[in-house]
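A look at the structure
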Number of protein chains: 2
Amino acid sequence: MAERLTISLDGMGGDNAPDSVVEGAAIARERNPALRFLLYGDEARLKPLVAAQSHLADCVEIRHTDKVVANTDKPSVALRSGKQSSMRLAIDAVQSGEADSAVSAGNTGALMAMAMFGLRTIAGVERPAICSFFPTERGETCMLDLGANVACDAENLVQFAVMGEAFARTAMGIEKPTVGLLNVGVEDLKGKDEVKLAAAALRESTLPIEFKGFVEGDDIACGTVDVVVTDGFTGNIALKTAEGTSRLVSAFLREAFQSSLMAKVGYLFARRAMHKLRLRVDPRRYNGAVLLGLNGIVVKSHGGTDSLGFANAIGVAADMATHGFLAKMRHDFEQLRPAETGR
Amino acid sequence: MAERLTISLDGMGGDNAPDSVVEGAAIARERNPALRFLLYGDEARLKPLVAAQSHLADCVEIRHTDKVVANTDKPSVALRSGKQSSMRLAIDAVQSGEADSAVSAGNTGALMAMAMFGLRTIAGVERPAICSFFPTERGETCMLDLGANVACDAENLVQFAVMGEAFARTAMGIEKPTVGLLNVGVEDLKGKDEVKLAAAALRESTLPIEFKGFVEGDDIACGTVDVVVTDGFTGNIALKTAEGTSRLVSAFLREAFQSSLMAKVGYLFARRAMHKLRLRVDPRRYNGAVLLGLNGIVVKSHGGTDSLGFANAIGVAADMATHGFLAKMRHDFEQLRPAETGR
C-alpha cells in the first residue's frame, strides 16, 4: 500500500463549494485510501458535509476560517488581505510541509499570486506556468502555459518545456515524453522569434528531452507529442477553442439524433456507446490544471466543476506527489543551469 | 439574373490540380450561371478536362503557361521567378480588371506575396490578412488573421476589424456584423498590450462597427460575434486547433458506433442524420480563405481539397465580387483615416 498522502483543500473555492469539495474528497478517498485531507473553510458548513460522507471518516481535519477569496478579487488584493483565507491557508500547508499538495477551485489569478508568494519558484525557473492535459487520438497530451503568462520569451518557453516534460514523466506516467513547440508551421523558418530561439536552445540542450521541434494547432488533438509548449496567450486560446469546438460538435450530434424518427431510434440502440463517448470527452475527466515551477504542488480545479471533477483534480495532485514530481523537476533544472551557462 | 462574373483560376495549384480545379469550376458554374473563367495552366492537360465538363461549355478560356509555383518555393523566389506562373497570371488578370476575382489552391506564402506585389494594399491598410469562416452554434463566424502576420500591433488589429466587418457584411450577407477581439479573458485588464490598445481604439472609433469587446477561444464555436479579430499566430493556431478537435470528436464518434453490435444497429438507423452531421462540419464546406486588404479579390483554397471544396472557394470569390466588397472596404477606410488622424 502507498504511504499516506496529505492534500490540503480550499473548502470554499469554486461555484459549487463547499459541497463539491467535500463530495469530491470523498470520491477521491474512495479511489485512493492513502489520502487524508486538511480542509480549510467555514467549519459550521463543512462539518455536516464531512459527517455525511462515510469515506471521509477519520481522514479529514477541518481547519476553520471565515475568510474567503472572492472570484472578483484582484490577485494583488487577495494577496494583501487574504492571509487568513481558505485558499491561502491551503497553500501555507504545502509550504510548511504539512500537506503534500493543495487543491483549489477558486479565483485563478489569486491562487497563482498566493502560490508564487508562498512557495516561490524553484531555482532556475523564472516564471511558473499552468499546465493541463487533454484527450487525443493517441491517448493524452499536456499543454502549458495555459494563461499564467500572456507574453513569454524564449527562455520562458525552454523552462516550460522542462517543466512539462517532468509533469508528463511523473504525473502522466510517460517514460520518455516527447515535447513540441506550438507554431504556425513545422518548417524552421516559420513563426515568432521567441519560438524559433526556444527551438534552437532545445535542440542544442544537453538535457535528455525528446524534443520534436514545431507542432501545429491540429497536433494537439492528434497527440503528435506528449507535451505541447506555448505562451500563456496562445495556450489559453487554444485550450478554450478546443473546448468550444468539442461542445459544438456534441451539440450538432444531439441535434442530428433529434432530426428524424429514424435517428431517434438509432440513438436508442447506440445510447450506451454515446454515453461512453460523452465520458471520453467529458471536461471533468481532464479537470485539474497544475501550477508548475513552484516549490510545492498546487492544482487548480475548474471553478464550475462538480464533485467528480474536483475528485479528479485531487487525483492529479496525489499523482504528482506520489511520483516525485518536485524532485524530478529540481534535478532537471540543476542540469539545465550549467548547460545554459556553458552555451 | 446577375451580371457576368469573371473568375481567374490558378489551374495548377493544389494537391489535386488540375482535375479538382476544372471539376470545381464546373460545380460552381452549375450553381451560378453568371460565372465565366479564365483558366491558367498547361493547356494540354486542361483542355481535355474542360471538354469533359458539359457545364463548362463556352464559359472557360484556357490561357496556357507551363510555369508552376511549387509548394516548396519560398515566397521571395516565387515572386522573382514566377512571373509567368499560373498563380501569378491569375492574379494579374484581377489587377488588369479582366477578372473580378482570383482563386488558387497553391502555395499560400507565394500567393500572398504575389497578391501583395500585384494588387497592393488599399489606402489605409498596412498589411493584408487571411480571413475564413466557420460553423458555429448560431450560424457562421469569420476570423482573421489566420496566418499572414505572425506579429501584429494594435493598428493592424483595428484594420483587421474593419476588413473583417466589410467581409461579413458583403460576402456573408450579415447586415450589422458584430466584432470581437480574441483575448484570454473578457475583462478590460486582461491580455496583451496590443489587444488592449486595439480595443480602446475600436471603442472610441467613429466607424459604424458593432464592437463587442473581448471574446475568448470558446466564443469562436459559440458564434458570440460575427467577426473574430486576432493576430496571425494566434488565429492560425486557433483555426488548426478547432479543425483538429473536430476531427478528434468525429473519430471518437466513429469508434463509438463500432464499439458494439447495438451501436452498429443504431448507426444503421441514424445513418442519414449522421451524414448530415458530417456535411455540417465538413471542412470543404468552409473552404476558401480570403486575402483581405488588397485592391482586388484573391481567394486561397485549401491545397488538399477536392472539386467540391474548390467550387466553394470559387463561390466565396463570386460572392465578394457580387456584393461590392472592395467598394465597401475602400469606403470604410476612407472614413477610418480622418477619424484616426483626429484622435
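What counts and how
- Residues numbered from 1 in each chain as written.
- Chains lettered and ligands numbered in written order.
- Predicted model: local features only at pLDDT ≥ 70, side-chain atom pairs only at ≥ 80, totals over all residues.
- Heavy atoms only, no water.
- UniProt positions renumbered as here; feature names shortened; annotations may be inferred.
- Phe/Tyr/Trp six-rings, centres within 6.5 Å; stacked < 30°, edge-to-face > 60°.
- Helix = DSSP H or I, 4+ residues; strand = E, 2+ residues; numbered from the N terminus.
- Buried < 20%, exposed > 50% of the residue type's maximum accessible area, 1.4 Å probe, protein only.
- Lys NZ or Arg CZ within 6 Å of the ring centre and 35° of its normal.
- Pairing = 2+ DSSP bridges.
- Axes fitted to C-alpha atoms, helices over the stretch in contact; angles between N-to-C directions.
- Expected span 1.5 Å × (residues − 1).
- Arc of directions from axis to C-beta.
- Salt bridge = Lys/Arg side-chain N within 4 Å of Asp/Glu carboxyl O.
- Contact = heavy atoms within 4.5 Å.
- Domains from an automatic or database assignment.
- Buried area = accessible area lost by both parts, 1.4 Å probe.
- Polar contact = N/O pair within 3.5 Å; in protein donor to acceptor, adjacent residues only side chain to side chain.
- Nonpolar A, V, L, I, M, F, W, Y, C, P; charged D, E, K, R; others polar.

Chain A goes by Phosphate acyltransferase in an unreviewed UniProt entry, where it is assigned to Marivibrio halodurans. The UniProt entry for chain A carries this comment under Pathway (unreviewed entry): "Lipid metabolism; phospholipid metabolism." Annotation of chain A in UniProt includes, under Function (unreviewed entry), the sentence "Catalyzes the reversible formation of acyl-phosphate (acyl-PO(4)) from acyl-[acyl-carrier-protein] (acyl-ACP). This enzyme utilizes acyl-ACP as fatty acyl donor, but not acyl-CoA."

1. Structural notes on the packing of aromatic side chains
In this structure the tally under the stated criterion is six aromatic pairs over all chains. Judged by centre distance (5.0 Å) and plane angle (65 degrees), the rings of Phe257(B) and Tyr267(B) are edge-to-face. One end of the pair, Phe257(B), is in helix 9 (residues 232–258); the other, Tyr267(B), is in helix 10 (residues 261–281), and 10 residues separate them in sequence. Residue Phe257(B) is classed as buried on the basis of its relative accessible area of 4%. Through a chain of ring-to-ring contacts, the aromatic side chains of Phe257(A), Tyr267(A), Phe257(B) and Tyr267(B) assemble into a single cluster. Positioned over the ring face of Phe117(A) is Arg120(A), at 5.2 Å from the centre of the ring. Here the guanidinium or amino end of Lys192(A) rests over the ring plane of Phe233(B), the centre of that ring lying 4.2 Å away.

2. Concerning the sheet that holds strand 9 (residues 227–229) of chain A
Residue and element names in this part refer to chain A. Read across the open sheet, the 11 strands follow the order 3-2-1-4-11-10-5-6-9-7-8; overall the sheet is mixed. A single partner strand is all that each edge strand has here, and the edge strands are strand 3 (60–64) and strand 8 (210–215). For this sheet the average axis-to-axis angle between neighbouring strands, irrespective of direction, equals 25 degrees. Two strands pair when backbone bridges link them, and strand 6 (residues 140–144) and strand 9 are joined in this way by three bridges, in the parallel orientation. Within strand 9, the residue paired with Cys-142 across the bridge is Val-227.

3. Overview of helix 7 (residues 193–204) of chain B
All names here are of chain B. Here helix 7 spans 17 Å end to end across 12 residues, near enough to the 16 Å set by a 1.5 Å rise per residue. Looking at helix 7, one finds that the buried residues are Val-195, Ala-198, Ala-199, Ala-201 and Leu-202. Along helix 7, the residues classed as buried sweep out an arc of 165 degrees about the axis, all on the same side. Exposed residues pointing more than 90 degrees away from the buried face of helix 7 are listed as Asp-193, Leu-197 and Glu-204.

4. Brief notes about the pattern of salt bridges
Scanning all chains against the criterion turns up 32 salt bridges over all chains. Residue Arg138(A) is joined to Asp226(A) by a salt bridge in which the shortest nitrogen-to-oxygen separation is 4.0 Å. Here Arg138(A) is found in the loop between strand 5 (129–135) and strand 6, whereas its partner Asp226(A) is found in the loop between helix 8 (217–222) and strand 9, with 88 residues between them in sequence. Judged by its relative accessible area of 57%, Arg138(A) is exposed. In this structure Asp226(A) comes out as buried when scored by relative accessible area, which is 8%. Notably, a salt bridge pairs Lys212(B) with Glu210(B), separated by 3.9 Å at the nearest N-O pair. In this structure Glu210(B) comes out as partly exposed when scored by relative accessible area, which is 30%.

5. Things to note about the sheet that holds strand 2 (residues 35–41) of chain B
All names here are of chain B. Spatial strand order, 3-2-1-4-11-10-5-6-9-7-8: 11 strands in an open sheet with mixed pairing. The outermost strands of the open sheet, each flanked by one partner alone, are strand 3 (60–64) and strand 8 (210–215). The sheet shows a mean angle of 25 degrees between the axes of neighbouring strands, direction not considered. Strand direction decides the pairing type here: strand 1 (residues 5–10) and strand 2, joined by six bridges, are parallel.

6. A few points about the environment of Thr234(A)
Mapped onto the elements of the fold, Thr234(A) is located in helix 9 (residues 232–258). Looking at Thr234(A), the relative accessible area reads 1%, which means it is buried. Taking C-alpha positions, Thr234(A) is 9.7 Å from Asn183(A), a pair spaced 51 residues apart along the chain. Those residues in contact with Thr234(A), other than ones at most four positions away along the chain, are Leu182(A), Phe233(B), Thr234(B) and Ile237(B).

7. Observations regarding the domain arrangement of chain A
Residues and elements named next belong to chain A. Domain boundaries assigned for chain A yield domain 1 (1–125 + 293–323) and domain 2 (133–283). Just the C-alpha atoms count here: the centres of domain 1 and domain 2 sit 26 Å apart. On the side of domain 2, seven residues touch domain 1, which itself brings eight residues to the contact. Summing the contributions of domain 1 and of domain 2, the shared interface buries around 620 Å²; its carbon and sulfur component is 71%.

8. Some remarks on helix 1 (residues 19–31) of chain A
The end-to-end C-alpha distance of helix 1 of chain A is 19 Å, a good match for the 18 Å that 13 residues give at a rise of 1.5 Å each. Those residues of helix 1 of chain A not exposed but buried are Ser20(A), Val21(A), Val22(A), Gly24(A), Ala25(A), Ala26(A) and Ala28(A).

9. What to know about the side chain of Thr65(A)
Here Thr65(A) is to be found in the loop between strand 3 and helix 3 (75–81). Sequence-distant contacts of Thr65(A), defined by excluding residues within four places in its chain, comprise Gly41(A), Asp42(A), Gln84(A), Ser85(A), Ser86(A) and Leu89(A).

10. Here we look at unusual backbone geometry
In this model, Ala17(A) is joined to Pro18(A) through a cis peptide bond whose omega is 0 degrees. On the secondary structure map, Pro18(A) appears in the loop between strand 1 (5–10) and helix 1. With a phi close to 65 degrees, Asp58(A) is a non-glycine residue in the positive phi region. Positionally, Asp58(A) belongs in the loop between helix 2 (43–51) and strand 3. The phi angle at Arg120(B) is positive, at roughly 60 degrees, despite the residue not being glycine. Positionally, Arg120(B) belongs in the loop between helix 5 (108–119) and strand 5 (129–135).

11. Quick notes on the interface of chain B and chain A
The interface of chain B with chain A comprises 50 residues on the first partner and 50 residues on the second. Taken together, the two surfaces of chain B and chain A that pack against each other cover about 4,600 Å², and 75% of this comes from carbon and sulfur. Interface area lost by chain B to chain A is led by Phe233(B), Phe252(B) and Phe269(B), which between them contribute 15%. At the junction of chain B and chain A, the tally comes to six salt bridges. Across the salt bridge formed by Arg247(A) and Asp218(B), the nearest N and O atoms sit 3.4 Å from each other. Across the contact surface, chain B and chain A share eight residue pairs in polar contact (both at pLDDT 80 or more). Listing elements by their share of the side of chain B that touches chain A, those giving two or more residues are helix 8 (217–222), helix 9 and helix 10 of chain B. Examining the composition of the side of chain B that touches chain A, we find that 20 residues originate from one element, helix 9 of chain B, more than from any other. Looking at the side of chain B that touches chain A, its residues break down into 27 nonpolar, 13 polar and 10 charged.

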